[in-house]
Every structure is written in structure tokens, then in C-alpha cells.
Amino acid sequence: MKILHAEIKNYRSCIQTDFNLPLNLMALIGANGVGKSNILYGFRLFTKINRKRTFLTDEIKDGVLDELFNTQINLVLNFEDKIVYIRCKFYYETDERNIDKVSHSEVKYRIKGENSRKFHKISNSTHQIIDLLAESKLTIEQLPKEYKTQDFRFTIRLARSLSSLSYYSATQFSDPSKCPISIELDDYRISSRNIVFNKIHQQFIYDLYKAYKSSSSNFNLFLNTVGINGLRLIEDFYFSDHSIPSSSYKVITGGKIRQIENSKSIIIPSVKVDGLTLSPNQLSEGTFKTLALIFYILNDKNEFLLIEEPEVCIHHGLLNSILQLIIQQSRHKQIIISTHSDYVLDMLKPENILLVHKEYDIGTKVSSISKSLSANDFKVLKEYLESEGNLGEYWKESGFDYE
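What you are looking at is a predicted structure, and each value in this text was computed from that prediction instead of being measured.

Engineer: Looking at this structure, I do not really get the sheet that holds strand β3 (residues 25-29). What am I missing?
Structural biologist: As a general point, the strands of a sheet are linked pairwise by backbone hydrogen bonds and lie either parallel or antiparallel. With mixed pairing, the six strands of this open sheet are ordered in space as β8-β13-β14-β3-β15-β16. At either end of the open sheet lies a strand with only one pairing partner, and these are β8 (165-168) and β16 (363-368). Averaged over all adjacent pairs, the angle separating strand axes in this sheet is 20 degrees, with direction ignored. Inspection of the sheet shows β3 paired to strand β15 (residues 353-359) by three bridges, in the parallel sense. In the strand pairing of β15, Leu-28 is matched with Leu-354.

Engineer: Explain the environment of Gly-317 here, please?
Structural biologist: Relative to the helices and strands, Gly-317 is located in helix α8 (residues 316-329). When the C-alpha positions of Gly-317 and Leu-231 are compared, they lie 9.3 Å apart, and in sequence the two are 86 residues distant.

Engineer: Would you take a moment to explain the sheet that holds strand β2 (residues 14-20) for this structure?
Structural biologist: Ordered in space as β2-β1-β4-β5-β6-β7, the six strands form an open sheet in which the pairing is antiparallel. Each of the sheet's edge strands pairs with one partner strand only, and the pair in question is β2 and β7 (120-122). This sheet shows a mean twist of 20 degrees between the axes of neighbouring strands, independent of strand direction. Note that strand β4 (residues 69-79) and strand β5 (residues 82-94) share eleven bridges and pair antiparallel. Across the sheet, residue Leu-77 finds its bridge partner in β5, namely Val-84. The sheet contacts of helix α1 (residues 36-44) involve β1 (2-11), β2 and β4, and relative to β1 the element is tilted by about 105 degrees. On top of the sheet, helix α4 (residues 150-163) reaches β4, β5, β6 (100-111) and β7; it is set at about 115 degrees to β4, its chief contact.

Engineer: Would you explain the packing of aromatic side chains in this entry?
Structural biologist: The geometry of an aromatic ring pair is captured by the separation of the ring centres together with the interplanar angle, meaning the angle of the planes. Tallying each qualifying case throughout the model produces 24 aromatic pairs. Judged by centre distance (6.3 Å) and plane angle (65 degrees), the rings of Phe-173 and Phe-204 are edge-to-face. Of this pair, Phe-173 sits in the loop between β8 and β9 (183-186) while Phe-204 is found in helix α5 (residues 200-213), placing the two residues 31 residues apart along the sequence. The burial state of Phe-173 is the same as that of Phe-204; both residues are buried. For the ring pair Phe-204 and Tyr-296, a centre distance of 6.0 Å and an interplane angle of 55 degrees mean the geometry is tilted.

Engineer: I keep staring at helix α6 (residues 217-226) and nothing clicks. Help me out?
Structural biologist: In an α-helix, one turn spans 3.6 residues; hence positions three or four apart end up facing the same way. The complete set of buried residues in α6 reads Phe-219, Phe-222, Leu-223, Thr-225 and Val-226. Buried residues of α6 fall within an arc of 160 degrees about the axis and therefore sit on the same side.

Engineer: Please explain the packing of helix α3 (residues 124-134) against α4 as it appears in this structure.
Structural biologist: When two helices pack together, you describe them by how their axes are tilted relative to each other and by the distance separating the axes. One can describe the packing of α3 onto α4 by two numbers: an axis separation of 10 Å at closest approach and a directional angle of 75 degrees. The angle between α3 and α4 falls in the class roughly perpendicular. Residues Thr-126, His-127, Ile-129, Ile-130 and Leu-133 of α3 pack against Phe-152, Thr-155, Ile-156, Ala-159 and Arg-160 of α4. A breakdown of the residues in the contact of α3 with α4 according to their chemical character gives six nonpolar, three polar and one charged.

Engineer: What should I look at first to understand the pairing of β5 in this one?
Structural biologist: Linking β4 to β5, which pair antiparallel, is a turn of two residues; within it Glu-80 sits at a positive phi near 50 degrees. Counted along the chain from β5 to the antiparallel partner β6, the turn is five residues long, and its residue Asn-98 has a positive phi close to 70 degrees.

Engineer: I would appreciate a short explanation of the pattern of salt bridges in the present structure.
Structural biologist: If you walk through the whole model with that rule in mind, you get nine salt bridges. Among the charged side chains, a salt-bridge network with shared partners connects Asp-95, Arg-97 and Lys-101.

Engineer: Before we go on, may I ask you to explain the pairing of β4 in this structure?
Structural biologist: For a regular strand, the rule is simple: side chains alternate between the two faces of the sheet. Sheet topology note: the β1/β4 ladder contains seven bridges and is antiparallel. Across the sheet, Ile-3 pairs through a bridge with Leu-77, a residue of β4.

How each quantity is defined
- Residues numbered from 1 in each chain as written.
- Predicted model: local features only at pLDDT ≥ 70, side-chain atom pairs only at ≥ 80, totals over all residues.
- Heavy atoms only, no water.
- Pairing = 2+ DSSP bridges.
- Helix = DSSP H or I, 4+ residues; strand = E, 2+ residues; numbered from the N terminus.
- Axes fitted to C-alpha atoms, helices over the stretch in contact; angles between N-to-C directions.
- Contact = heavy atoms within 4.5 Å.
- Phe/Tyr/Trp six-rings, centres within 6.5 Å; stacked < 30°, edge-to-face > 60°.
- Buried < 20%, exposed > 50% of the residue type's maximum accessible area, 1.4 Å probe, protein only.
- Arc of directions from axis to C-beta.
- Parallel < 35°, antiparallel > 145°, perpendicular 65-115°, else oblique.
- Nonpolar A, V, L, I, M, F, W, Y, C, P; charged D, E, K, R; others polar.
- Salt bridge = Lys/Arg side-chain N within 4 Å of Asp/Glu carboxyl O.

That is the geometry; function is a separate question.
This is the structure:
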């Protein structure tokens, strides 16, 4: 899946924001408060389509939805060599942590070139089937006959891709002291039951452990990148497993108590740095964030990545390596970053840049450099980049329109 065009209506500062995404790697730049993060948050709403939410009956839906924020996001996709138009409406509320909680969504699509211009609805039951397929509780072969058509299978693949994006913020891996010194698994199964998923540090350690335990090339690639053969951030990262017997009790009919014997596995992560063995929570903020960001850039299987300000808390030498990884991964997936760093721009071309600004009563607007400059000014910029300097220097010295 590749997003070719996006239109975000009525989402925070994005009153009527639309822009093209011509390349697999695009960077949003602009002053503070113009809406760069809001664009990323708008895309992030798609991750909440297939999550459990409040399903409303027609009798009460209208009254309930009137009390919620609503946002319309339209996309033009290249999906499986077809041009697909997406119309999605989200109804949600935003909590005190600035996190959107979607209560209801309506998703429709149309394929260019179809005889009918009618949009097909992606129903709630489709998302429920996708969840069951993902949890291996159901196979395609077990579906009723009406769900085995090529059209329905296409709908499932499309819905999966729409929600297959990941967001990494500038600060979510800050404060390594929040990182657990151990994680607990039941019955030696790699299970998520004891992981608090709203704690990003715990999620990172759990994901890293899964890669370590699977003996796959994913963990080795990560270690070779950050270890002594690569960036030399650390010497080693490993886990030790400790089995601990435990028991629980269940009251059964007749008032009898049954003791249930089982076992737990305590997983302890360790990092070796300069000959010292440390817990991850003893690492510096820059080192911890770099480890986490590199791990996910290398191993995230989603088709669409959103990365907010990758330069925060990271030394220029390491930032160069992270940007090289981002550029490399953009050959296989679509990536949007936001940045305030001229150093980031130094590694990109004008075609990779989207300028973000905000206008009174109009909201966040996005334009490419080629459209914001006159044809002559854009030619001068290209000549400057070829002979004298780089994009970051140009940004600092001359700026762009709307800056």
C-alpha cells in the first residue's frame, strides 16, 4: 500500500488539509504550532479502526455521536496495483493525555475503473473477522461461503493495510528509569497478559525478548547494528530466564477450594556496556531511545511508519546512522517524519520535503517546495544544492515561504 494523496478535514488544526505524498519518504517541516504533529495524529486514527470500540445501535447512535468530535479523512491509495479511494469518518473523544479514543468509525472504498462509482462499506463484522484471523482463532476456509469471494478477500487485505501503521514520537522512549528490570510470563509461554501495553518501555522490552527468543535474524540484525560491529552503542543485549513455581486457588461448587499449580518465568534483560552489565533502566536517555528507535525501524513490519522528530536527544553522529536506516527502509515501505533539524534536511532532497504552515481561519496547510517557490527560485535552489551547500543550510540562511 502506498498513500498518494491525503485530505484531513476537521481534525484539530487540520480544518481542510490536503497534500500529495509523491515519494516513499517525506519530511514535514515548519514552525512550532503549525500542525505537523496533528497530521501524524490524524493518520494514527487508522490504527484504531480495528480495535474494540463501542458499537452503537441506530436508535441511539445519532444522539451519542453528536457529543463526540468527528473527523473525515480521505485517501487515494495505490493498493495491489489498483487506485483505491478511501472515505473514512471517525467519531472520538480526546482524554487528558491528548490521546484520541475512537468510539465509532465508518470506512468506505471505491476502486478506480469500476463500472459503479458506489463506495463499498467496510463493516464492523469485517474488522471482527480480521481480529479473529490475526489471533488464529479462525481461518479463511472456515468462513461462510458468502465471505469467501475474491471481493471480500480484497476488502480484508485492504482493511488490514489501512490499520497497519506505526507511530513513534519524539518523547515516548524518554526516561529509561520507567523501563522494567524484569517481565513475567506464565507457564513459559511468551504471552502478553502481564505486559502493560500503555507502557511503551515495557512493550519495547517485550518485543525485544520475542525477537531474542525466536532466534531469528531480526535480533541479530539489531545487535549487529548497535553493537561492537556497528554503532558501538552497547557490547551485548541478552535475557536470562528464571522459572518460579506458583499457585493459585479456585472456589468450586460446594464451597470447596481447589489449588492450581503452575509456574511463572521471570525474564531479566541485561545490557553490557564498557564491560559493565546493566539493566536497561540504567542507560542514558539518548542511548535507550536510539536502541528502541533502531530496533523498530529495522523490525517493524507495518507498511506505513510515522516518526516524530527523530533528532530529539540523539547525537548528530547517531542521528546520521538512524537517518540512513530510515532512508534504507523507505525503499520497502512508506515513511513520514516531522523534524525541526536542519541536519535531517541535509540528508534529504527537496522532493522529500513538505512545508507546513497555518493560516488564520483556514488551519494547517501543506505544500511541496516546488509549489511554494517560483520556477526560477526552485531552479536557483537546485543549483545551490549541486554546487555550494545543502538543504539544511539553505533552510537556516534563507528559509522557505511561510517560515
